[in-house]
Amino acid sequence: MGAPGQRPPMGAGGRRPMHPTRQSPMGTRPPMGGRPGMGGRPGFGAPVLEPPPPSGAPGARPGQRPGPNRRPGQRYIPRVQEGPMKGFTPPPRFSPALPSEPMPITRNITITEGISVKDLAEKLDIRAKDVIAVLLQRGVFATVNQTLDSDLATGIARRFGADVGVISFEEQMAKEMADTVGSSDGVGGAAAVTRPPVVTIMGHVDHGKTSLLDAIRETNVAGGEAGGITQHIGAYKVKITKEDSPAYGREIVFLDTPGHEAFIRMRARGAKVTDIVVIVVAADDGVMPQTIEAIDHAQAAKVPLIVAVNKIDKPDAMPERVKKQLADRGLLPEDWGGTTVFVDVSAKQKTNLNLLMEMICLVADLQELKATPDRPATGTVVEAKLDRGRGAVATVLVQNGTLRNSDTFIVGNTFGKVRAMFDDRGNQIDSAPPSTPVEILGLEGIPQAGDTLQAVADRDKAKNISQYRELKAREAQLAKSSRVSLEGLAEQIKTAGVKELPIILKGDVQGSVEVLADSLQKLSTEKVKIKVLHTGVGAITETDVLLASASNAIIIGFNVRPERKAQELAEQEQVDIRLHSIIYELQDEIKKAMLGLLEPTIKETYLGRAEVRDTFRVPKVGTIAGCAVIDGVIKRDSDVRLLRDNVMVYKGRVGSLRRFKDDVSEVRNGMECGIGIAGYGDIKVGDVIEAFATEKIAPELTAAR
């Protein structure tokens, strides 16, 4: 070979001899390993592999043939010939055989929605590649970090002998926290502290709910509400500052829910997060339908009630009548021997407001409201909107734990990171303890009002779960819109003649958009159906205008305005944009639009008949029928039918009507006349001309059944 570092001499044909370790038993086998252009020199590229031993040699399997004549399925385990690993044979890797049939159920596991392949493998105590192998058998190509559908994960787990219970991610977090603090709800333990009560104010329209809260907060909120009606939920924290009050220094969180009947869903959502409900009843009006409705919501949620009899300063106030009316509903006052707290207040005069707050604190003490600040925050979205300058903004009531700046969270179908937090008065804060309403920035999307917020440590997991939820929601929506059944087909055939009023609805906050869509769809009748094509939060954009143009829809903006370019595009495309801030006006305008879609009813009135006795051809006029009126009256401006053997030949209008040589306005029964039919001349003797009048009757909307 020569000295180290020297290249071997050239052989015959100008080729150097092969390295001894690369000689092929076949004599012409090419060198193995090495990189192209390196001539197969040792020390370059992949390690040099030893050829398989001949049959009968040590290490050979029985019946193994050398080289390319090995049987299919026989494994060739290479042996490293060069470098520090010389002589090392890698041990064979064995994988347990995948079960061909489902194993008997021997254990139970709990998984969360959108579990990844890796997490499922850990739960089943198997390797991730075994889960991937089963997925491949089912025709699903997945990586270890890919999320799985709950049904698919359940099927795989049963294949490996495990029964599965599926819970949401928030339930899993609550369960882990409950195990940590040692209580069933994750609130107890040594770290639990008393939290402020969350109070929802409910009642009938214009009974003084916002004014009462306004007086308590000593601010002016009612003046900013359109039409004096609360349009969406507000959450406020109030501190008792009266020094001689037994509740001095304590805090109360108030939720102000709208009283208008269209916002039933929002009021019900407010009752879900509340500890105490204050029913406001005007002393001069008494118990009204929405008062009873609010009581039913609170009782269904099993929430304690306090009745605030408002407007006692009015001359016609009768608080005793209110007590009697509510006693008939099962709310017996304490001074009548019952358990319901009644407080006579005046929001205008600020009478007994401190007494009301003391009663709230007393009822809260009986409930022993606790929370654990030192844990990841959980809360409920009270409201969400899209702000032009700040992006997606959500008002959240923190119910347990502490929400801090830079916390990652998942909320409904979206996730985010707290970029900034503001309290109910607009002050920026760094942390929000339990029972604190805050406005948070940093969401990736707009959540639904009522969604649960859960702070998490792993941002990637929050992102995966939100994407999984968004995908499932989209699939459900597509399935809902594309599902066809015989019943649905019959309904489509039945309603084929029903007019549709397509609407695109944009609003300032998510909760208002939801209930507006519901209330508008409830206006649908047997004749006109309202179809909400799209709802959204924020300004009216060019995309909305293009959608409206393509679908011939109208755009309704509730407390929002169109962007400048969207306004210009709407003028070009002739798209109708209607802007409103009060729901009453919006509903009235939609009803008018529905009436405009309906064709007026045509009512026909019979006038009379004339029989054709002779016909005359008049130059430049046409055929004139000499007639005798045999019934009723023939008028000059009436519509006519030409009947031949009682079969209608032509339908038109009277072109001329003459008696002798004079034009007349009408000819009555028993008289003769000449009648010309406008644009028609094929009149024969014996035909009958029937005159009638038509009248258009304005349509009426019929309530849907």
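Above this text is the structure in question.
Throughout this document, residue positions are counted from 1 along each chain, in the order its sequence is written. Owing to the predicted nature of the model, reporting of local features is limited to residues with pLDDT of at least 70; listing and counting of side-chain atom pairs is limited to 80 or more, with chain, interface and lining totals taken over all residues. Heavy atoms throughout the structure, all of them, feed into the side-chain values; hydrogens and water do not.

Participant: Hey, could you go over the overall build of the protein chain for me, with residue numbers and the actual values?
Facilitator: Numbered from the N terminus, helices here are DSSP runs of H or I no shorter than four residues, and strands are runs of E no shorter than two. A count of helices and strands for the protein chain gives 15 helices and 31 strands. A simple rule labels every residue: compare its accessible area, found with a 1.4 Å probe on the protein chains alone, to the largest value its type can have, and call it buried under 20%, exposed over 50%, or partly exposed in between. Relative to its full complement of 705 residues, the protein chain shows a buried share of 43%. Considering only intrachain contacts with a sequence separation of at least 6, the fraction spanning at least 24 residues in the protein chain is 68%. What sets the accessible areas is the Shrake-Rupley method with a 1.4 Å probe; for residues, cover comes only from the shown protein chains. Within the structure as shown, the protein chain displays about 38,100 Å² of accessible surface, and the carbon and sulfur contribution to it stands at 51%. We call two residues in contact when some of their heavy atoms are within 4.5 Å.

Participant: Could you give an account of the pairing of strand β8 (residues 305-310), naming the residues involved and the relevant values?
Facilitator: Successive side chains on a regular strand alternate, one facing one side of the sheet and the next facing the other. The buried fraction of β8 is high, at 6 of 6 residues. The two faces of β8 match: Leu-305, Val-307 and Val-309 on one face and Ile-306, Ala-308 and Asn-310 on the other face are all buried. Of the pairings in the sheet, the one linking strand β7 (residues 276-282) to β8 comprises 6 bridges and is parallel in character. Across the sheet, the residue bridging to Ile-279 is Val-307, located in β8. For the handedness criterion, the strands are oriented away from the viewer, and a crossover whose path from the first strand over the helix to the second runs clockwise is classed as right-handed. Taken together, β7, helix α7 (residues 289-300) and β8 form a β-α-β motif whose crossover is right-handed. Where β8 and strand β9 (residues 341-344) come together, 4 bridges link them in parallel fashion. In the strand pairing of β9, Val-309 is matched with Asp-344. Two strands are counted as paired when DSSP detects at least two bridges linking them.

Participant: Outline helix α2 (residues 128-137), supporting the account with residue identities and numerical values.
Facilitator: Those residues of α2 not exposed but buried are Ala-128, Asp-130, Val-131, Val-134 and Leu-135. For α2, the angular spread of buried residues about the axis comes to 165 degrees, placing them on one side. Backbone geometry just after α2 places Gly-139 at a positive phi near 80 degrees. The reported arc concerns the directions from the helix axis to the C-beta atoms and nothing else.

Participant: Please provide a residue-by-residue account of the packing of helix α1 (residues 117-124) against α2, values included.
Facilitator: At their nearest, the axes of α1 and α2 sit 8 Å apart, and the two run at 110 degrees to each other. Considering their axes alone, α1 and α2 lie roughly perpendicular with respect to each other. As for the relative orientation of α1 and α2, their crossing is right-handed in sense. Contact with α1, carried on its side by Val-117, Leu-120 and Ala-121, involves Ala-128, Val-131, Ile-132 and Leu-135 of α2 and no other residues of that element. Among the residues making up the contact of α1 with α2, the classes are represented as 7 nonpolar, no polar and no charged. Axis definition: a line fit to C-alpha positions, over the contact stretch in the case of helices; interaxial angles, taken between N-to-C directions, run 0 to 180 degrees. Comment on the angle field: the value is read as roughly parallel under 35 degrees, roughly antiparallel over 145, roughly perpendicular from 65 to 115, and oblique elsewhere. For any helix crossing, the convention is left-handed if the near helix is rotated counterclockwise from the far helix by under a right angle, and right-handed if that rotation is clockwise. Under the convention adopted here, Pro, Cys and the residues Ala, Val, Leu, Ile, Met, Phe, Trp and Tyr are nonpolar, Asp, Glu, Lys and Arg are charged, and Gly plus all remaining residues are polar.

Participant: Explain the pattern of salt bridges to me, using residue names and the numbers behind them.
Facilitator: Pairing is possible between side chains that carry opposite charge, provided their charged atoms lie close to one another. The salt bridge criterion pairs a side-chain nitrogen of Lys or Arg with a carboxyl oxygen of Asp or Glu, the two atoms within 4 Å. Considering all chains together, one arrives at 21 salt bridges under this definition. One salt bridge connects Asp-387 with Arg-390, and the closest N-O pair in it is separated by 4.0 Å. Take Asp-387: its relative accessible area is 25%, and that puts it in the partly exposed class. Given the relative accessible area of 33%, Arg-390 is considered partly exposed. Residues Asp-576 and Arg-578 are paired through a salt bridge, measuring 3.0 Å at the closest nitrogen-oxygen approach. Residue Arg-578 is classed as partly exposed on the basis of its relative accessible area of 32%. If you follow the salt bridges from partner to partner, you end up with Glu-604, Arg-609, Arg-641 and Glu-690 in one network.

Participant: So what's going on with the packing of helix α13 (residues 542-551) against helix α14 (residues 564-573)? Which residues, and what values?
Facilitator: Two elements in contact, α13 and α14, have axes whose closest approach is 8 Å; the angle formed by their N-to-C orientations is 15 degrees. The angle between α13 and α14 places the two elements in the roughly parallel class. Note on packing geometry: the crossing formed by α13 with α14 is right-handed. Judged by residue contacts, Glu-542, Val-545, Leu-546 and Ser-549 of α13 engage Lys-565, Ala-566, Leu-569, Ala-570 and Glu-573 from α14. By residue class, the composition of the contact of α13 with α14 is 5 nonpolar, 1 polar and 3 charged.

Participant: Could you give an account of the environment of Val-134, with specific residues and numbers?
Facilitator: Checked against the element boundaries, Val-134 lands in helix α2. In this structure the C-alpha to C-alpha distance between Val-134 and Arg-159, which are 25 residues apart in sequence, comes to 8.7 Å.

Participant: I'd like a rundown of the sheet that holds strand β21 (residues 528-537), residues and numbers included.
Facilitator: Spatially, 4 strands are ordered β21-β20-β22-β23 in an open sheet, and the strand pairing comes out parallel. Looking at the sheet topology across the chains shown, the edges are occupied by β21 and β23 (577-580). Taking the axes of each pair of neighbouring strands and ignoring which way they run, one obtains an average angle of 25 degrees across the sheet. Against the sheet, helix α12 (residues 510-521) engages β20 (499-507), β21 and β22 (554-558), with an angle of about 175 degrees to β21.

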